[in-house]
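Summary of the model geometry
One-letter residues, chain by chain:
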Amino acid sequence: MISLKKILILFIIFFITSNVYADYNDQKIANSFDQFITCINTNDKCAYDYIDDSNKELYDNITHYLNSLHIDYEIKNIKENNNTYKIKANIAASGTNWSIKGINVYFDLKEIDNSYKIINTTLFENINPKKILALIFKILIFIAFIAFAYILTVVIVVIYASKKKKQKENV
């Protein structure tokens, strides 16, 4: 008969080893991600070693941005789902004549041939110049709306004040 003490000890050992394994896996994933970013920042073709070979779109995006992209990042979290790990990172990216900060991007990594490879990411759609221009356009529209509202308010106040003044003069 197994005592309660033995069950508790087994549970503690299981809990500790599972956490150590998860931390080790997260560290391996973070290292693969860091190496990928380092390759991008140094314009090194080793970036291709950290992506899934079957993802042609990702391969093409790296080819397009490799010589002109620099990324600074902070990993927010790593979540596991069916042996796929999703890294959420906050990035600042810059290229030729552009830069953007504070963008949240996702990288999906999966273990392929004993190493973690990026199988999908939102990086390239978030740093796309068209998206950046659309964001700037939205900001300008917002500023224009605020300016219009302010000017309209001033005009209404001036009209109201002039009518009040005329009413006082007529009395």
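Shown above is the structure to which this text applies.
Here goes a summary of the coordinates provided.

About the criteria used
- Residues numbered from 1 in each chain as written.
- Predicted model: local features only at pLDDT ≥ 70, side-chain atom pairs only at ≥ 80, totals over all residues.
- Heavy atoms only, no water.
- Phe/Tyr/Trp six-rings, centres within 6.5 Å; stacked < 30°, edge-to-face > 60°.
- Helix = DSSP H or I, 4+ residues; strand = E, 2+ residues; numbered from the N terminus.
- Buried < 20%, exposed > 50% of the residue type's maximum accessible area, 1.4 Å probe, protein only.
- Pairing = 2+ DSSP bridges.
- Axes fitted to C-alpha atoms, helices over the stretch in contact; angles between N-to-C directions.

Let's shift gears to the packing of aromatic side chains. Given two aromatic rings, one states the distance between the centres and the angle between the planes to describe the pair. What the rule picks out here adds up to five aromatic pairs. The interplanar angle of 85° and the centroid separation of 5.6 Å between the aromatic rings of Tyr85 and Tyr116 together place this pair among those described as edge-to-face. A residue pair is termed long-range when its members are at least 10 positions apart, and Tyr85 in strand β2 (residues 84–95) and Tyr116 in strand β4 (residues 115–121) qualify at 31 residues. A relative accessible area of 9% means that Tyr85 is categorised as buried. A relative accessible area of 4% means that Tyr116 is categorised as buried. Ring-pair connections join several aromatic residues into one group, and the members of that group are Phe33, Phe36, Tyr73 and Phe107.

The subject of this paragraph is the sheet that holds strand β1 (residues 70–81). The sheet built from four strands is open, its strands ordered β1-β2-β3-β4 with antiparallel pairing. On the outer flanks of this sheet lie β1 and β4, each paired with one strand and no other. The average angle at which neighbouring strand axes cross in this sheet is 30°, direction not considered. Note that strand β3 (residues 98–112) and β4 share six bridges and pair antiparallel. Residue Glu111 lies in a different strand from β4, and its bridge partner there is Tyr116.

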